[in-house]
Amino acid sequence: MARSSVLLAAVLFGTTGTAQALGPAGLSPVTVGAARVVLGGGVLGLLAFAGSHTAARMSPALVLCAGAAVAIYQLTFFEAVHRAGVAVGAVVAIGSGPIAAGVLERGFGDSWPGARWLAATALAIAGIVALSIGGTGHAAASTTGILLALASGTAYATYTVIAKRLLYAGAGPVRVMGAAFGVGSLFLLPVLLFGETQWLHTTRGVELAVYLAAGPTVLAYLLFARGLRRLTASETTTIVLAEPVTASILGVAVLHQPLGTMAIAGVVLVVAGIGVLALPGSPQRANA
């Protein structure tokens, strides 16, 4: 159930780029990300506050760092998608996550992830490289877009590792998500208040903001935390590599972006990598 929860969350995450592409003309990627976190984070914060009376105390420093990582991830991800394209932006951002998470876990004193994670991640990363090479309609993705996507992936991994530490310390999934996204929403509120928000003055823009807040934020991150509670951060970020697969499939089905043979092979490799984690055998120790 833990892996299934993370996988479903990844599918929801994978819809964000396409949702942005279907939004009103002239929207600002920066304020799209801000709106997602301010609205979704506000809901998660209220849920956490409502159930916090008997909860264990969380480290304020870790919560602050998690909130900052959430804010950085959102800003850089949507700008990366804007500059590099839906599929490429998602592929690079999420593809860099497992490696960053493995390094960060080691930095916190945890052991290196096991051989099965290594095999699964190698397959999945080979898949996302094939997706990038295989033609997604953005062959000339900008260097700035790629760098922003890498920054996004690192911030995402940072948030995941910190969230795992908070869960391991005894905090519940709703409280961890609510605290991190609540702080993230405070960081991004000025961006939303003073940024370009003309797109929010349209029905299409409001629909986009509500969807991003409800689906890929509130629901997805509650599922994500439920799975993370029983999995390692590195394994979780590997399963989330299903996000660029979802983005690529939606890019073809909804946005009519071409997907060549190499890209199709990439999808297969990512699915195979995630499948390796689901094979029976001795599971990774999740520290929880």
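Scroll up to find the structure.
Structure report, in brief.

Cut-offs applied
- Residues numbered from 1 in each chain as written.
- Predicted model: local features only at pLDDT ≥ 70, side-chain atom pairs only at ≥ 80, totals over all residues.
- Heavy atoms only, no water.
- Helix = DSSP H or I, 4+ residues; strand = E, 2+ residues; numbered from the N terminus.
- Areas by Shrake-Rupley, 256 points an atom, 1.4 Å probe, with all protein chains shown as cover.
- Phe/Tyr/Trp six-rings, centres within 6.5 Å; stacked < 30°, edge-to-face > 60°.
- Buried < 20%, exposed > 50% of the residue type's maximum accessible area, 1.4 Å probe, protein only.
- Patch = residues over 30% accessible without salt bridge, like charges linked within 9 Å, V, L, I, M, F, W, Y side chains within 5 Å.
- Salt bridge = Lys/Arg side-chain N within 4 Å of Asp/Glu carboxyl O.
- Axes fitted to C-alpha atoms, helices over the stretch in contact; angles between N-to-C directions.
- Parallel < 35°, antiparallel > 145°, perpendicular 65-115°, else oblique.
- Left-handed = near helix turned anticlockwise from the far one by under 90°.
- Contact = heavy atoms within 4.5 Å.
- Nonpolar A, V, L, I, M, F, W, Y, C, P; charged D, E, K, R; others polar.
- Expected span 1.5 Å × (residues − 1).
- Bend = angle between axes of the 7 residues up to and from the residue.
- Core = buried A, V, L, I, M, F, W, Y, C linked by side-chain atoms within 4.5 Å.

**Section: the overall build of the protein chain**
Stage number 1. A tally of regular secondary structure across the protein chain gives 13 helices and 0 strands.
Stage number 2. For the protein chain, the accessible surface area stands at approximately 11900 Å², while carbon and sulfur atoms represent 69% of it.

**Side note on the packing of aromatic side chains**
Stage number 1. Taken as a whole and judged by the stated rule, the model has 10 aromatic pairs.
Stage number 2. Plain terms: the ring middles of Y159 and F224 are 6.3 Å apart, the flat faces sit at 20 degrees to each other, and that makes the pair stacked. Separated by 65 residues along the polypeptide, Y159 in helix α8 (residues 143-168) and F224 in helix α10 (residues 203-228) bring together distant segments of the chain. Of the two residues, Y159 and F224, both sit in the buried class.
Stage number 3. Taking the centre distance of 4.5 Å and the plane angle of 50 degrees together, the rings of F181 and Y221 count as tilted. Here Y221 lies in helix α10 and F181 lies in helix α9 (residues 173-194), a separation of 40 residues in the sequence.
Stage number 4. Given a relative accessible area of 1%, Y221 falls into the buried group.

**Thoughts on a nonpolar patch on the surface**
Stage number 1. Taken together, V43, L47 and V174 make up a surface patch of nonpolar side chains, about 210 Å² in accessible area.
Stage number 2. Among the secondary structure elements, L47 is positioned in helix α3 (residues 29-50).

**Examining the packing of α8 against α10**
Axis angle and axis distance: for two packed helices, these are the angle between their axes and the distance between the axes, and together they describe the pair.
Stage number 1. At a minimum axis distance of 10 Å, the contact between α8 and α10 shows a crossing angle of 60 degrees. Comparing their axes, α10 and α8 come out oblique. Viewed along their axes, α8 and α10 form a crossing whose handedness is right-handed. For the pair formed by α8 and α10, the contact residues are Y156, Y159, T160, A163, K164 and L167 on the first element and Y221, F224, A225 and L228 on the second.
Stage number 2. For the contact of α8 with α10, a count of residues per class yields 8 nonpolar, 1 polar and 1 charged.

**A look at α10**
Stage number 1. Compared with an ideal rise of 1.5 Å per residue, which puts 26 residues at 38 Å, α10 spans 35 Å between its outermost C-alpha atoms and is within 8% of the ideal.
Stage number 2. Roughly 35 degrees is the biggest bend found in α10, and it falls at A220.

**A word on the environment of I146**
Stage number 1. Take I146: it is sitting in helix α8.
Stage number 2. As for I146 and G89, which are separated by 57 residues in sequence, their C-alpha atoms are 6.8 Å apart.

**Observations concerning the nonpolar core**
Stage number 1. Y159, V176, M177, F181, Y221, F224 and V240 are the most contacted members of the largest nonpolar core, which totals 79 residues.
Stage number 2. Tallying contributions element by element places helix α4 (residues 60-84) first for this core, with 11 residues.

**Let's talk about helix α6 (residues 97-107)**
Stage number 1. All of the buried residues along α6 are G97, P98, A100, A101, G102 and E105.
Stage number 2. Looking at the residues trailing α6, positive phi occurs at G109, about 95 degrees.

**Regarding the pattern of salt bridges**
Close approach of charged atoms allows side chains of opposite charge to pair.
Stage number 1. If you walk through the whole model with that rule in mind, you get 1 salt bridge.
Stage number 2. For R3, the salt bridge is made with E235, and the minimal N-O distance between the two is 2.7 Å. In this pair, R3 is assigned in helix α1 (residues 2-13) and E235 in helix α11 (residues 233-239), connecting sequence segments 232 residues apart.
Stage number 3. For E235, a relative accessible area of 2% puts it in the buried group.

**Looking at the side chain of T121**
Stage number 1. Turning to its location among the elements, T121 is positioned in helix α7 (residues 115-133).
Stage number 2. A residue is classified by how much of its surface remains accessible, and T121, at 4% relative accessible area, is buried.
Stage number 3. Those residues within four positions of T121 in sequence are excluded, and the remaining contacts are P98 and T238.

**Describing the packing of α8 against α9**
Stage number 1. Running from N to C, α8 and α9 point in directions that differ by 135 degrees, and their axes come no closer than 10 Å. One element, α8, and the other, α9, form an angle in the oblique class. Two packed elements cross with a definite hand, and for α8 against α9 that hand is right-handed. Along its contact with α8, which presents Y159, A163, L166 and L167, the element α9 presents P173, V176, M177, A180 and F181.
Stage number 2. Here the residues of the contact of α8 with α9 sort into 9 nonpolar, no polar and no charged.

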